[in-house]
Each structure stands twice: as C-alpha cells, then as structure tokens.
Amino acid sequence: MGSPGLLCSPDEAAGRPDGAAIDVHGDYWSAGVSAGCLNRFSAAGHLIERLLLPCRAPTMPCFGGDALTDLY
C-alpha cells in the first residue's frame with residue numbers, strides 16, 4: 001500500500017465525483033453526478049471511458065454478480 005495521492009480532478013462538465021468503486025482490473029469507476037455519467041479511470045488517472053447515463057444525477061456505482069462484472 002502506498003501513500004495517498006491525487007488520482008484525477010474532473011470538473012463540473014466532466015462530472016463532479018460522487019461515489020466510486022474499483023473493478024477487478026484495478027480501474028476506478030466514479031459517478032459523474034454533475035454530468036449524468038459514469039467515468040472510468042486507469043490506475044494512473046487517465047480517463048478510459050465515459051458512459052452517459054439515462055438519469056440526471058448518478059451516484060455510488062458498485063459491482064456484483066458471480067464474477068463481479070455486473071455494474072449497479
């Protein structure tokens with residue numbers, strides 16, 4: 001375990017972070033509450049993917065299912 005550090009700093013347009021989860025690959029998924037999206041970041045802090053969601057203010061993603069591959 002290392003020292004705490006800043007992973008990324010998204011702005012309001014990119015989606016202010018509000019709840020997050022780490023998947024089995026070590027990617028950091030953060031709800032972008034101000035942008036209606038879910039952002040996926042690499043362990044190095046690079047934005048890998050942005051999923052636009054059909055809701056206005058998503059929060060707190062989590063993983064489940066037998067292989068922890070289902071996103072809730």
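Above: the structure in question.
Quick look at the structure, then. (Residues numbered from 1 in each chain as written. Predicted model: local features only at pLDDT ≥ 70, side-chain atom pairs only at ≥ 80, totals over all residues. Heavy atoms only, no water.)

## Description of the environment of R56
Here is step 1 of the chain: Within the fold, R56 resides in the loop between β4 (47–52) and β5 (63–64).
Here is step 2 of the chain: Those residues in contact with R56, other than ones at most four positions away along the chain, are V33 and G36. (Helix = DSSP H or I, 4+ residues; strand = E, 2+ residues; numbered from the N terminus. Contact = heavy atoms within 4.5 Å.)

## Digging into the sheet that holds strand β2 (residues 28–32)
Here is step 1 of the chain: One open sheet holds the 4 strands; their spatial order is β1-β2-β3-β4, and the pairing between them is antiparallel. The sheet is open, and its two borders are formed by β1 (17–22) and β4, each paired with just one other strand. The sheet shows a mean angle of 20 degrees between the axes of neighbouring strands, direction not considered.
Here is step 2 of the chain: Bridge count between β2 and strand β3 (residues 37–41): 5 bridges; the pairing is antiparallel. Counterpart to Y28 in the pairing with β3 is F41. (Pairing = 2+ DSSP bridges. Axes fitted to C-alpha atoms, helices over the stretch in contact; angles between N-to-C directions.)

## Re the environment of A31
Here is step 1 of the chain: Mapped onto the elements, A31 comes out in strand β2.
Here is step 2 of the chain: As for A31 and P61, which are separated by 30 residues in sequence, their C-alpha atoms are 6.5 Å apart.
Here is step 3 of the chain: Once you skip the residues sitting within four places of it in the chain, A31 turns out to touch R16, P17, D18, G19, C37, L38, P58, T59, M60 and P61.

## What to know about the pairing of β4
Here is step 1 of the chain: Pairing analysis gives 5 bridges linking β3 to β4, with the strands arranged antiparallel. Of the residues in β4, the one forming a bridge with N39 is R50.
Here is step 2 of the chain: Counting the residues that bridge the hairpin from β3 to β4 gives 5 residues, and of these G45 lies at a positive phi of roughly 90 degrees.

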